[in-house]
Amino acid sequence: MAPSGPRPALPALLILLAALLPGPSHAQTSVSPQGIILPRGGSVLVNCSSSCDQRPFLGLETPLTKREVLPGGNNWKMFELSNVQENSQPICFSNCGGRQSTAKTFLTVYWTPERVELAPLPAWQPVGENLTLRCQVEGGAPRANLTVVLLRGEEELSRQPVVGEPAEVTVTVLAGRDDHGANFSCRTELDLRSQGLELFENTSAPHQLQTFVLPATPPQLLSPRILEVDTQGTVVCSLDGLFPVSEAQVHLALGDQKLNHTITYGIDSLSAKASVKGTTEDEGTQRLLCAVILGNQSQEMRKTVTVYSFPAPRVILMEPVVSEGTEVIVKCESDPRAMVMLNGVPAQTLGPGAQLRLKARPEDDGRNFSCSTTLEVAGQVVHKNQTLELRVLYGPKLDEKDCPRNWTWPENSQQTPICQAWGNPSPQLECLKDGTLPLPIGKSVTVTRDLAGTYLCRATSTQGEVTSEVIVNVVTVPSPRHEMVIMAIVLTAAILGTAGVAMYLYNRQRKIRKYRLQQAQNRTPMKPITQATPP
């Protein structure tokens, strides 16, 4: 705050009246006012007077700039002291009849400090550690009335007197999370209220404090142990217990290659994710670094990533399309460091490849030949595979299970003739009766008597042809009305037959009884029949 302007101690009229008052019986020198406080650079009126009965010789002794003002009286004079820069004791003197006397007054100069400055704070202050605030003060008087107040916002932390020039006032506080973003400052107070003046304040520019917490534990780093050239892997670096987490930074690098990453923030945690790509220049063991930086500290985690090159194996067929019976050579070529397996059969020794020989058969058509290689990289086994298909050309085949030789179908039924011919390339199939009437293979047809007969099925391709006879039988099925008539006839015949059998058995039993009766009569002698004469 700028110092106030000069202020006279007493009005000039009062000074003149005081000078005209009668003095004591013996001559004395007096000065007024007694004790003056004024701002530095200000002016003041000082009245020197004497009680001498005759006109005395009056004067003012001072190193200050002075001038006599107002026409003085017989025994008083008024002086103006200007541009008062420091405390002073002007002396009034008088000579009355050869007798000299003096009187002094006290000038106290006040001024606010020229510099009130809070020393710069640390860029970052760890939470839980002591922070020393330093306020530097230059100038200011009177020092007995000057104090320094150290502040956190508007909260008073310490109040101390100003000692020394320049003066430094300190206070030590324990930094906490609540101090993050808080403003610290210092203020000087020149209290002259007891002198009838006011409280003069000067405040320093505020400094904002940033506090932080960085755990002593290193971050967690997840990454692939091995990385193939021209492939990408994911690296994740995370750390908990950070404050303020939004101010934390992450540095991810593979060797000399800085990794671009994205950070996901939690309440007090972060996770940085980056993609890393292996290049030919990076081949070998590389150092992977994750550093979490907060404040003026950092925590690091290092790992190693082995970048390797491992080409896929090559399956080679001398002729990928062969005819049945042809000798086929299958080769597998790979990295000389790898273990090679061709269709599950390992190579005899580590080497650049393996091979197989075989005679092409129809069942080999569409067969896949697989070459598998393994390589150990940094303690991990890496697998690579490649597959190639063999095509075998063979003539048409008409197997009975795929093309039945005999069909029996009820007349007027719906049937789909099925006859499958096999071969590579796929053969064309045609079944004809009498060389002209085709059998609709694979199509639903209504069976009629005209469909019955012997068909010659012929399958043809560029690899040859094959034929087979197919017989179609059509069975006539009676209608429901005819079935009822037949059933009635059969039932009638059964009834008549049963009745005839019953009559036959009855007549036969009767004849047998009659015959047995006649036999019995023939074995018995004949006796005359006597008839009595009535009396």
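See the structure shown above.
Predicted model, so just to flag it, every value in this text is computed and none were measured. (Residues numbered from 1 in each chain as written. Predicted model: local features only at pLDDT ≥ 70, side-chain atom pairs only at ≥ 80, totals over all residues. Heavy atoms only, no water.)

A.B. asks: I'm lost on a nonpolar patch on the surface in this one. Help?
C.D. replies: Taken together, the side chains of Val501, Tyr504 and Leu505 make up a nonpolar region of the molecular surface, amounting to roughly 310 Å² of accessible area. Assignment of secondary structure puts leucine 505 in helix α2 (residues 480-522). For leucine 505, a relative accessible area of 45% translates into the label partly exposed. (Patch = residues over 30% accessible without salt bridge, like charges linked within 9 Å, V, L, I, M, F, W, Y side chains within 5 Å. Areas by Shrake-Rupley, 256 points an atom, 1.4 Å probe, with all protein chains shown as cover. Salt bridge = Lys/Arg side-chain N within 4 Å of Asp/Glu carboxyl O. Helix = DSSP H or I, 4+ residues; strand = E, 2+ residues; numbered from the N terminus. Buried < 20%, exposed > 50% of the residue type's maximum accessible area, 1.4 Å probe, protein only.)

A.B. asks: Just checking my understanding: could you explain the packing of aromatic side chains for this structure?
C.D. replies: To describe a pair of aromatic rings, you give the distance between the ring centres and the angle between the ring planes. Within the structure shown, the criterion is met by 4 aromatic pairs. Seen from their ring centres, phenylalanine 57 and phenylalanine 93 are 6.1 Å apart, and the 45° between their planes marks the pair as tilted. With phenylalanine 57 in strand β4 (residues 57-61) and phenylalanine 93 in strand β7 (residues 91-96), the pair connects residues that are 36 residues apart, well separated along the chain. Relative accessible area serves as the criterion here: at 53%, phenylalanine 57 is assigned to the exposed category. Sitting above the plane of the tryptophan 111 ring, arginine 40 keeps its charged end 3.7 Å from the centroid. The side chain of lysine 66 reaches across the aromatic face of phenylalanine 79, ending 5.8 Å from its centre. (Phe/Tyr/Trp six-rings, centres within 6.5 Å; stacked < 30°, edge-to-face > 60°. Lys NZ or Arg CZ within 6 Å of the ring centre and 35° of its normal.)

A.B. asks: Is there a simple way to explain the sheet that holds β7 in this structure?
C.D. replies: Strand pairing in a sheet takes place through backbone hydrogen bonds and is either antiparallel or parallel in direction. The strand order across the open sheet formed by 3 strands is β4-β7-β8, and the pairing between neighbours is antiparallel. Edge strands, defined here as strands with exactly one partner in the open sheet, are β4 and β8 (99-104). Strand-to-strand twist in this sheet, taken as the mean axis angle between neighbours without regard to direction, amounts to 20°. Relative to β7, β4 runs antiparallel, the two sharing 5 bridges. In the strand pairing of β7, glycine 59 is matched with phenylalanine 93. (Pairing = 2+ DSSP bridges. Axes fitted to C-alpha atoms, helices over the stretch in contact; angles between N-to-C directions.)

A.B. asks: Would you mind showing me how to read the side chain of threonine 306 here?
C.D. replies: On the secondary structure map, threonine 306 appears in strand β28 (residues 297-308). On the accessibility criterion, threonine 306 (16% relative accessible area) is buried. Those residues in contact with threonine 306, other than ones at most four positions away along the chain, are Arg225, Ile226, Leu227, Gly284, Thr285, Val377 and Ala378. (Contact = heavy atoms within 4.5 Å.)

A.B. asks: Quick question: what am I supposed to make of the sheet that holds strand β29 (residues 314-317) here?
C.D. replies: Taken in spatial order, the 3 strands make up an open sheet running β29-β31-β34, and their pairing is antiparallel. Here the strands that pair on one side only, and so sit at the sheet edges, are β29 and β34 (353-359). Averaged over neighbouring strand pairs, the angle between their axes works out to 15° when direction is ignored. Of the pairings in the sheet, the one linking β29 to strand β31 (residues 327-333) comprises 4 bridges and is antiparallel in character. Within β31, the residue paired with arginine 314 across the bridge is glutamate 333.

A.B. asks: Looking at this model, I keep getting lost on the side chain of glutamate 189. Mind explaining?
C.D. replies: For glutamate 189, the location among the structural elements is in strand β16 (residues 183-191). Here glutamate 189 falls in the buried class, since its relative accessible area comes to 9%. A polar side-chain atom of glutamate 189 sits 2.6 Å from a polar atom in the side chain of arginine 159. A polar contact of 3.1 Å, which involves the side chain of glutamate 189, links it to the side chain of arginine 187. (Polar contact = N/O pair within 3.5 Å; in protein donor to acceptor, adjacent residues only side chain to side chain.)

A.B. asks: Where do I start with unusual backbone geometry in this structure?
C.D. replies: Glycine aside, residues mostly have negative phi angles, and peptide bonds mostly take the trans form. Backbone torsion omega between alanine 141 and proline 142 reads -5°, so that peptide bond is classified as cis. Relative to the elements of secondary structure, proline 142 occurs in the loop between β12 (130-138) and β13 (146-152). Proline 244 follows phenylalanine 243 through a cis peptide bond whose omega is -15°. Mapping proline 244 onto the fold places it in the loop between β22 (232-240) and β23 (249-254). The phi dihedral of alanine 378 falls on the positive side, at around 50°, and the residue is not glycine. With respect to the helices and strands, the residue alanine 378 is situated in the loop between β35 (367-377) and β36 (380-397). For alanine 378, a relative accessible area of 38% translates into the label partly exposed. At asparagine 412, a residue that is not glycine, the phi angle is positive and equals roughly 70°. When you line up the elements, asparagine 412 lands in the loop between β37 (406-410) and β38 (414-415). Accessibility expressed as a relative area gives 58% for asparagine 412, which makes it exposed.

A.B. asks: Whenever I open this one, the pattern of salt bridges confuses me. Can you help?
C.D. replies: Side chains that differ in sign of charge can pair as their charged atoms come close. Throughout the structure, instances matching the rule amount to 25 salt bridges. One salt bridge connects arginine 337 with aspartate 335, and the closest N-O pair in it is separated by 2.9 Å. Residue arginine 337 is classed as partly exposed on the basis of its relative accessible area of 48%. Judged by its relative accessible area of 15%, aspartate 335 is buried. Notably, a salt bridge pairs arginine 361 with glutamate 363, separated by 3.5 Å at the nearest N-O pair.

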